[in-house]
Amino acid sequence: MSALDSLPPLAKVIAAHGLSARKSLGQNFLLDLNLTAKIARQAGDLTGCDVLEIGPGPGGLTRGLLMEGARHVLAIEKDTRCLPALAEIAEAAPGRLTVLNADALELDPLAYLTPPIRVVSNLPYNVGTELLIRWLTPPDWPPFWQSLTLMFQREVAERIVAQPGGKAYGRLALLAQWRATPRIVMHLPPGAFTPPPKVSSAVVHLTALPAPRYPADPKILERVVARAFNQRRKMLRAALKGAAPDIEDRLLAAGIQPTDRAETVSLEQFCALARRMPGGDEA
């Protein structure tokens, strides 16, 4: 039995340290170590990999990552109340866990990680989408990460994997699918968490592509997509009015009907449009 195996159950850890999930921090704790181990396994073979974990809380997933063979885990935790519980895990896995008391939105983790790097997190609900967009839109590609294995509210997870034609399809799906292959690998009911959230959750696994699926300037593509979906009920010629004086001609050149709405346009077509917008390669 390893030192990690001898650590007390998470319910006892939470009681011993007086922890309770805080809504202001987007916290919902997973106490079932079988579930946290299963989430860790969705990231694939962690042997020889550094892992970035955001919002470890009392460390249930952290334990799973270490027990699944992660070479090193960098856990970034904003809540100082959780640090003593995480310190106990670090003591049980000497040299393999670094805990930083910091805001994940303000810290550059690369100074603490060595490639290959995977990101595995039960993300705090209030920062999850923002972190995902940052990881998907770095200035250079491929990114620092090989894969992202992330827990979201089920609605957000469905938006990441959505296909054209549905209400869930939008900016998040396009950004995720342009540079990565996303899929939902687990569903979790509210009762799996303490306290139970009002919605179900899902784990999404995203594998970074070596290059984007279709050529496009990232800033132009993001600008076009954001504008198109901000007014998704409008025809594209109206939603993109002002983006270019001859927007109808540019839409047609990209294989898009000016009367189409954003949710019917494929990733390939949006990339073709981005190339034909002012500043694009084919403008």
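What you are looking at is a predicted structure, and each value in this text was computed from that prediction instead of being measured.

Chemist: So, empty space enclosed by the protein: which residues are in play, and what are the values?
Modeler: Evaluation of the coordinates by the stated rule reveals 1 cavity of 30 Å³ or more. Of the pockets and cavities examined, the largest cavity occupies roughly 40 Å³. Leu-136, Thr-137, Leu-175, Trp-178, Arg-179, Pro-218, Leu-221 and Glu-222 together form the lining of the largest cavity. Looking at the lining of the largest cavity, the elements that each hand over two or more residues are α7 (171-179) and α8 (218-230). Classifying every residue of the lining of the largest cavity by side-chain character gives 5 nonpolar, 1 polar and 2 charged.

Chemist: I'd like to hear about the packing of α8 against helix α11 (residues 267-276), residue by residue, with values.
Modeler: Between α8 and α11, the least distance of the axes is 9 Å, while the angle of their chain directions is 115 degrees. Here α8 runs over α11; the crossing is right-handed. Residues Ile-220, Leu-221, Val-224, Val-225, Ala-228 and Phe-229 of α8 lie in contact with α11, whose contacting residues are Phe-270, Cys-271, Leu-273 and Ala-274. Here the contact of α8 with α11 is composed, by residue class, of 10 nonpolar, no polar and no charged.

Chemist: Mind laying out the environment of Pro-196, listing which residues take part and the relevant values?
Modeler: Along the chain, Pro-196 falls in the loop between β8 (193-194) and β9 (201-208). The exposure class of Pro-196 is exposed, given its relative accessible area of 55%. Along the sequence, Pro-196 and Gly-170 sit 26 residues apart, while their C-alpha atoms lie 28 Å from each other. Setting aside residues no more than four positions away along its own chain, Pro-196 makes contact with Asn-28 and Pro-190.

Chemist: Outline the sheet that holds strand β7 (residues 180-188), supporting the account with residue identities and numerical values.
Modeler: Across the sheet, which stays open at both edges, the 7 strands sit in the order β4-β3-β2-β5-β6-β9-β7 with mixed pairing between neighbours. Strands at the two margins of the open sheet, each flanked by one partner only, are β4 (97-101) and β7. Taken pair by pair, the neighbouring strands of this sheet meet at an average axis angle of 20 degrees, ignoring direction. Alignment of strand β2 (residues 50-54) against strand β3 (residues 72-77), held across 5 bridges, turns out to be parallel. Residue pairing for β3: Glu-53 is matched across the bridge by Ala-75. This element, helix α5 (residues 128-136), spans β2, β5 (117-122), β6 (147-153) and β9 of the sheet and lies at about 155 degrees to β6. Across the sheet, α7 touches β7 and β9, and the angle it forms with β7 is around 120 degrees.

Chemist: Quick rundown of helix α6 (residues 154-161)? Include the residues and the values.
Modeler: Turning to α6, its buried residues are Val-156, Ala-157 and Ile-160. All buried residues of α6 project into a common sector of 100 degrees when viewed along the axis, lining one side. The inward-facing, buried residues of α6 contact α5, β6, α7, β7 and β9.

Chemist: Explain the pairing of β3 to me, using residue names and the numbers behind them.
Modeler: Counting buried positions along β3 gives 6 out of 6 residues, so the element sits mostly inside the fold. Residue alternation in β3 divides its side chains into two sets, His-72, Leu-74 and Ile-76 and Val-73, Ala-75 and Glu-77, and both sets are buried. Regarding topology, helix α3 (residues 60-67) serves as the crossover connection from β2 to the parallel β3, and that connection is right-handed. Two strands pair when backbone bridges link them, and β3 and β4 are joined in this way by 5 bridges, in the parallel orientation. Of the residues in β4, the one forming a bridge with Ile-76 is Leu-100.

So, how was this worked out
- Residues numbered from 1 in each chain as written.
- Predicted model: local features only at pLDDT ≥ 70, side-chain atom pairs only at ≥ 80, totals over all residues.
- Heavy atoms only, no water.
- 1 Å grid on protein atoms, 1.4 Å probe; cavity = no way out; pocket = protein on both sides within 12 Å on 5 of 7 lines; lining within 4 Å.
- Points joined across faces, edges and corners; volume = space filled by probe spheres on them.
- Helix = DSSP H or I, 4+ residues; strand = E, 2+ residues; numbered from the N terminus.
- Nonpolar A, V, L, I, M, F, W, Y, C, P; charged D, E, K, R; others polar.
- Axes fitted to C-alpha atoms, helices over the stretch in contact; angles between N-to-C directions.
- Left-handed = near helix turned anticlockwise from the far one by under 90°.
- Contact = heavy atoms within 4.5 Å.
- Buried < 20%, exposed > 50% of the residue type's maximum accessible area, 1.4 Å probe, protein only.
- Pairing = 2+ DSSP bridges.
- Arc of directions from axis to C-beta.
- Right-handed = clockwise from strand over helix to strand, strands pointing away.

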